[in-house]
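# Architecture and fold: a report
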Amino acid sequence: MRPNELINRRTVFQTAVVLVFIILLAQLFYLQVLRNDYKKYADSNAFLNRTIYPSRGMIYDRTGKLLVYNRPAYDIIIIMNEIEPFDTLDFCNTIHITKQQFINRIIEIKDRRKNPGYSSYTQQILYTQVSAEEYGILQEKLYKFPGFYVQSRTIREYGDSIGAHFLGDIGEVNKRDIENDNYYVSGDYSGRSGIEKSYEEVLRGEKGVEIMLRDAHGRLKGRYENGIHDKEARAGKNLHLSIDSELQRYGELLMKNKTGSIVAIDPETGGILCLVSSPTYNPNLLIGRLRGKNHVELSKDPKKPLFNRALMAQYPPGSTFKPAQSLVFLQEGAITPSTSFYCWGKGGHPACHAHASPISLIPALATSCNVFPYFALRIVFGNKTKYPTIQDAMDSWRDYMVSMGFGYTLGVDLPGEKRGLIPNSRFYDKIYGTNGWKYNTIYSISIGQGEVNLTPIQIANLAAQISNRGWYYPPHIVKEVEQGQLDSIYTHKRHTLIDSKYYDAIIQGMHGAVNEGTCRGAQIDSINVCGKTGTAQNRGEDHSIFMGFAPMEKARIAISVYVENGGFGARWAVPIGGLMMEKYLKGKIPENRKWVEDKMINGTVKVYGL
Amino acid sequence: MGFRQTSVWHNVDWITIVLYLAILIVGWGCVYSAGYNFDNASIFDLDQRFGKQLIWIGICIITAMALLLIDSDFYQYFSYFIYATIILILIATIFLAEDVKGSRSWLTLGPLTVQPAEFAKFATALALATFMNSYNFKLFSLKNSLATGAIILLPMVLILLQKETGSALVFSAFLLVLYREGMSGMILYSGLLAVTIFILSIKFGGIMISDTTSFGEVSIVVLTLLSGIVMLWMYQPTKGKIRVLLLKIISFFTVVTFVLALTPLKISYAFPGYICIFICAIILLYYALLDKIHDFALIGLLMAGSIAFMFSVNYLFYNVLQPHQRIRIEVLLGLKEDLNGAGYNVNQSKIAIGSGGITGKGFLNGTQTKLKYVPEQDTDFIFCTVGEEKGFIGVSIVLGLYLVLLLRLIALAERQRYSFGRIYGYSVVSILFFHITVNVGMVIGLLPVIGIPLPLLSYGGSSLWAFTILLFIFLSIDAQTKPSY
Ligand SMILES: [Zn+2]
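Here's what I pulled together on the structure shown here. Predicted model only: the values in this text are computed from it and were never measured.

Glancing now at the overall build of chain B. Per the secondary structure count, chain B includes 19 helices and two strands. Within chain B, the proportion of its 485 residues that are buried is 53%. Here the analysis covers contacts within chain B between residues at least 6 apart in sequence; of these, 71% occur between residues at least 24 apart. Per element, the accessible surface of chain B, about 21,900 Å² overall, is 70% carbon and sulfur.

Our focus in this paragraph is the overall build of chain A. When its secondary structure is counted, chain A shows 22 helices and 20 strands. Going through the 610 residues of chain A one by one, you find that 53% of them count as buried. Once local pairs closer than 6 in sequence are excluded, the contacts in chain A between residues at least 24 apart make up 71%.

For the rest of this paragraph, the subject is the environment of M547 of chain A. All names here are of chain A. For M547, the position within the fold is in strand β19 (residues 543-550). Residue classification places M547 among the buried residues on the basis of a relative accessible area of 0%. Sequence separation of M547 and M510 is 37 residues, and the distance between their C-alpha atoms is 9.4 Å. Not counting chain neighbours up to four residues away, the residues in contact with M547 comprise T320, P323, I459, L462, A463, I466, M510, C530, G531, K532, I559 and S560.

Residue and element names in this part refer to chain A. By secondary structure assignment, the location of R309 is in helix α12 (residues 309-312). Residue classification places R309 among the buried positions, given a relative accessible area of 6%. Of note is the side chain of R309, whose polar atom sits 3.2 Å from the backbone oxygen of K303. Residues contacting R309, with those up to four places away along its chain left out, are T259, G260, S261, S277, S278, P279, K303, K304, Y315, P456 and E564.

All right, on to the coordination of the zinc ion then. Residue and element names in this part refer to chain A. Every protein donor of the zinc ion is accounted for by C343 (SG), C352 (SG), H355 (NE2) and C369 (SG), and the metal-donor separations fall at 1.9 to 2.4 Å. Coordination at the zinc ion is tetrahedral: its four donor atoms span angles of 100 to 116° at the metal. Along the chain, the residues that donate to the zinc ion are spaced as C-x8-C-x2-H-x13-C. In this pair, C352 sits in the loop between β13 (340-341) and β14 (359-360) while C369 sits in the loop between α14 (361-367) and α15 (371-382), placing the two residues 17 residues apart along the sequence. Here C352 and C369 have matching classes, each one buried.

With that out of the way, let us pick up the interface of chain A and chain B. Opposite the 34 residues of chain A that make contact, chain B presents 52 residues. In total, about 3,800 Å² of surface goes out of reach between chain A and chain B, with carbon and sulfur atoms giving 73% of it. The largest contributions to the chain A side of the interface with chain B come from F13, F21 and Q32 of chain A, which together make up 20% of the buried area. Counting every contact that joins chain A to chain B gives zero salt bridges.

Turning our eyes to something else, we now look at the pairing of strand β11 (residues 260-265) of chain A. Residue and element names in this part refer to chain A. When you tally the buried positions in β11, you get six out of six residues, the bulk of the element. Burial along β11 is two-sided: the residues G260, I262 and A264 and S261, V263 and I265 are all buried. Pairing of β11 with strand β12 (residues 272-278), which is carried by six bridges, proceeds in the antiparallel orientation. If you follow I265 over to β12, its bridge partner there is I272. Turn length for the β11-β12 hairpin, with the two strands adjacent in sequence and antiparallel, is six residues, and the turn residue G270 shows positive phi of about 80°. Pairing of β11 with strand β20 (residues 557-563) involves six bridges; the strand directions are antiparallel. When the bridges of β20 are listed, I262 appears paired with V561.

Attention shifts here to the nonpolar core. Within the largest apolar cluster, 123 residues are counted, with the highest numbers of intra-cluster contacts made by F383 and Y424 of chain B. When residues of this core are assigned to their parent elements, the largest contribution, 17 residues, is made by helix α17 (residues 382-414) of chain B. When near neighbours in sequence (up to four residues on either side) are disregarded, F383 of chain B contacts L28 of chain A together with I353, V395, V398, L399, N439, V440, V443 and L454 of chain B. If you look at the next biggest cluster of nonpolar residues, it comprises 92 residues, including A310, A364, F375 and M552 of chain A.

All names here are of chain A. For the structure on display, the rule yields 31 salt bridges over all chains. For D188, the salt bridge is made with K207, and the minimal N-O distance between the two is 2.5 Å. A residue pair is termed long-range when its members are at least 10 positions apart, and D188 in the loop between α7 (175-180) and β7 (189-193) and K207 in the loop between α9 (200-203) and β8 (208-214) qualify at 19 residues. When salt bridges that share partners are traced, they join R56, R156, E196 and E200 into one network.

This paragraph deals with a nonpolar patch on the surface. Residue and element names in this part refer to chain B. A cluster of nonpolar residues, W9, W14, L21, I25, I61, M65 and L69, forms a patch on the protein surface that exposes about 650 Å² of accessible area. For the nonpolar patch, the secondary-structure elements that each account for two or more residues are α2 (14-35) and α3 (49-69). The partly exposed category is assigned to L21, whose relative accessible area is 33%.

The end-to-end C-alpha distance of helix α16 (residues 390-403) of chain A, which contains 14 residues, comes to 20 Å, matching closely the 20 Å that a straight helix rising 1.5 Å per residue would cover. As for α16 of chain A, its buried residues are in contact with α13 (322-331), α15, α17 (425-432), α18 (439-442), β15 (471-472) and β17 (494-495) of chain A.

Here we come to the sheet that holds β12 of chain A. All names here are of chain A. Spatial ordering of the open sheet is given by β12-β11-β20-β19-β18, a layout of five strands whose pairing is antiparallel. The two strands at the open ends of the sheet, each matched to only one other strand, are β12 and β18 (530-536). Ignoring strand direction, the axes of neighbouring strands in this sheet form an average angle of 5°. Helix-sheet contacts for helix α10 (residues 245-254) involve β11, β12 and β20, and the interaxial angle to β12 is about 25°. On the sheet, helix α20 (residues 503-515) packs against β18 and β19 and is oriented at approximately 75° with respect to β18.

This part is about empty space enclosed by the protein. Residues and elements named next belong to chain A. Enumeration over the complete set of coordinates arrives at three cavities of 30 Å³ or more. If you add up the space inside the largest cavity, you get close to 50 Å³. In terms of lining residues, the largest cavity is bounded by K322, S326, F329, L361, A364, L365, C369, F372 and P373. Where the lining of the largest cavity is concerned, the elements lending two or more residues are α13, α14 and α15. Among the residues making up the lining of the largest cavity, the classes are represented as seven nonpolar, one polar and one charged.

Further remarks concern the packing of α10 of chain A against helix α21 (residues 573-586) of chain A. Residue and element names in this part refer to chain A. Running from N to C, α10 and α21 cross one another at 160°; their axes reach a closest spacing of 10 Å. Judged by the angle between their axes, α10 and α21 are roughly antiparallel. You can see that α10 and α21 cross each other, and the crossing is right-handed. Residues L247, Y250, G251 and L254 of α10 touch α21, and the partners they reach there are I576, L579, M580, K583 and Y584. Looking at the contact of α10 with α21 residue by residue, the class counts come to seven nonpolar, one polar and one charged.

The rules behind each value
- Residues numbered from 1 in each chain as written.
- Chains lettered and ligands numbered in written order.
- Predicted model: local features only at pLDDT ≥ 70, side-chain atom pairs only at ≥ 80, totals over all residues.
- Heavy atoms only, no water.
- Helix = DSSP H or I, 4+ residues; strand = E, 2+ residues; numbered from the N terminus.
- Buried < 20%, exposed > 50% of the residue type's maximum accessible area, 1.4 Å probe, protein only.
- Contact = heavy atoms within 4.5 Å.
- Areas by Shrake-Rupley, 256 points an atom, 1.4 Å probe, with all protein chains shown as cover.
- Polar contact = N/O pair within 3.5 Å; in protein donor to acceptor, adjacent residues only side chain to side chain.
- Donors = N, O, S within 2.8 Å, 3.2 Å for Na, K, Ca; no water.
- Tetrahedral: all angles 85-135°; square planar, octahedral: opposite > 155°, others 65-115°.
- Buried area = accessible area lost by both parts, 1.4 Å probe.
- Salt bridge = Lys/Arg side-chain N within 4 Å of Asp/Glu carboxyl O.
- Pairing = 2+ DSSP bridges.
- Core = buried A, V, L, I, M, F, W, Y, C linked by side-chain atoms within 4.5 Å.
- Patch = residues over 30% accessible without salt bridge, like charges linked within 9 Å, V, L, I, M, F, W, Y side chains within 5 Å.
- Expected span 1.5 Å × (residues − 1).
- Axes fitted to C-alpha atoms, helices over the stretch in contact; angles between N-to-C directions.
- 1 Å grid on protein atoms, 1.4 Å probe; cavity = no way out; pocket = protein on both sides within 12 Å on 5 of 7 lines; lining within 4 Å.
- Points joined across faces, edges and corners; volume = space filled by probe spheres on them.
- Nonpolar A, V, L, I, M, F, W, Y, C, P; charged D, E, K, R; others polar.
- Parallel < 35°, antiparallel > 145°, perpendicular 65-115°, else oblique.
- Left-handed = near helix turned anticlockwise from the far one by under 90°.

Below, the structure written as structure tokens:
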């Protein structure tokens, strides 16, 4: 050992100490300065963001009667990695499930294919919508089940059990909803159909959040900084509908054991007074834990109770189309109210029935002559100076029809509305070739048969615009959003391409139909009613159709009634339409008409194929 | 027993005392913060830990003053007596102590509970310094080195029997003292090499660079050969002939290895390396006997031993260690991510420190520590509180204080007139250094979880008191040396 080596060792020692401290500092620099994910981990450890759910907006009818409200319900939440051994049987008995169901549910939650957001550190919804009684018992015992939490929620209650189709329902959001709208997280509810869906953003309100501190054992240690970072929940807005719930209930009663729909509109505002689709169902079937099961059953029912016929069924309008046609004849100058045509009755095409002949516009509407519109439309199409080709004539006709709200959706504030069909020249060119068709090929559109298809609400809207003499507001079901605004399309008048002076003759014709023509069954004491029957041919028995409005002078209600396979219009649709208008205008049905009411309520119409 | 005549306050090293007090104050702040509850906070509640710590700080300052007043000869005269007493207490502790979380190291004395193992450190340091200071002591005589080893190993074994592995490991810090006093650096290097081989063979033993060769094997062979050559250079710079011979042998086997890699033979590429190391070791031992140069023998044994050690590590790891011990090691080496078991504590403590960022979350604002995510947050993991609430700036200041303290103590030790003072001084430095390195290394995930406190910062009366005694005995010795400096 050389003497200076020991002195050297002091330096080695000092160097080693400094080196080790540099290594320690380097690692600290890496952890604290270079890596920036630890902050996030620390926050997700310490902060539990507890969502505060706002109460969903309530729904009232036009008279202020409460139709949809909230009832408290409770979700059971679990955080898997906080669970300690517990009495499974006790837990299952408390919320009335079997041990096997519980085990299956746990497997389901952990399955990342079904539950992509699963993590054992985050809240998972074990059961939704536990009843208040179950909640009460569970709350007492909750200390025995670490890792289990209860979150209060509200569920919908449909007080009157009517209007299932337009009220709709709410259900748990799916993967796509969550991707499309970052408001939602797994386990949230959103409107799935009806108003609940179309007004989802108004009804749902705004979620709040409460930031809680959570210790390593999952115990909550109070609010973070006394809640100054919390956000309060904002309740959803209430909706007032234009629906008259009494009329709606009455309509559903009348349509019992029949298939079809009734749509009534207040012509002055475009507000929908009733929207009946039959068969219907109790909206309370689609709430709570049974929603899934009941939904499957309803969707399997061959009568298709979930199908909202009022907006989605597309039928040939039959003779209810004749007033719309007649307006085009007058506007085009093809006829005047005094123009008469000879009717060949049963002997030709289209076939007609017995009535006085020759016949002018007003009696032709009253008796629903088929030959009159056939000749009149032929004149429109035959105007070679105005329309050099049949294509020009066809498209001009199409434009008139579209201006009356046909061929496109009306923009009703409910999901799923269909547009119907108004053919144009391209449509026929495709079928027959450009030179392959002439008026006689397509004449059946003149009497509302053939390719023309309308939805019941489009027919009701036709009645409304006739009563208004040429304008309408797009039909809508929500009259008022509390502390909010209605979409501007419902407050802008739409005008048809028909001058208002031409409507008088049509209204007289429809008045005649009720007074002495095909729809005498719609007469109401001391009120001038206008109407038009329809009978649409199809497989099986004809569809029975009625369209009308009352009072004639200033209509307060415009209506369409469609009874599938109901035969002549006069048989089912006319009396039902009459009863509905009378009920709305007078509040009750007089004794001398009770027998009609009974007959309608108790009558059954068999649907083709069922 | 005699008291000093000259004014100790004039001679004592005030720099060390200021550093000591600074660390104590920081430590109390950390203990206060670690015990702080978001719900109820009253600062001077003596039932709380920060209150108790305050009492301990008071006791420590009184103790420190008393120690400074005692004549330094006292320590030397009574060192064996103190050592023997502590050994007896350690033995008694094994039988008297109650089981606390698997360890039997705490003695209850009335209202106090103390951990005798903490006090064994300064007692051993005193005994060692006295023994090595004795007349005609030679570290290289077999008798002396055995006795030296015994002084260190006796308390170590007794503490191991108390199931306090961490505290027992602290005694290996005395190796650093022995190194300073002339023990061959090769012994320290062998220890370092052993740890490196251990890590290489566990961590890279499974990473294959061919069907039959692992990266671990190859890297250990290369490391061993490099160590051998470098040591030959350092210890026998004049014997160039043998170095050249060994280099030729190594070159030959390197060529063999590359040829082997080109053949389809299913033999490990490390195999020629093993043969090479074996031949080198034989040659070195031969010349050691021939020329009577025992450095050759040591280097030869080190090389052969490295390879033997590698094989036994594999055997030990897979056939002897318990699964939970294996997991601890694997988690540490980053082979396993076990966030709920062994890795949980370290992960949470890394989150705490990492989330502090540069400036920290502010005093009393650490969520990781306040909400009890970090275990033992006021004792072994106290450093987390600094990291989380004071950030990188805070930990740099704390480590800076420690570093300055250690360098200052080295300087003090080197200025001692007698080897008694120097050896005792280096013992203080080595023990503090070991504690700081292992504790901080554990908290930031560089070293395995070995539960030892951070000196003067962690909560705990025994440890605080014992470190104070350890340090102030040295300051007392130093104060007497100073006038003649
Ligand atoms: Zn006719």
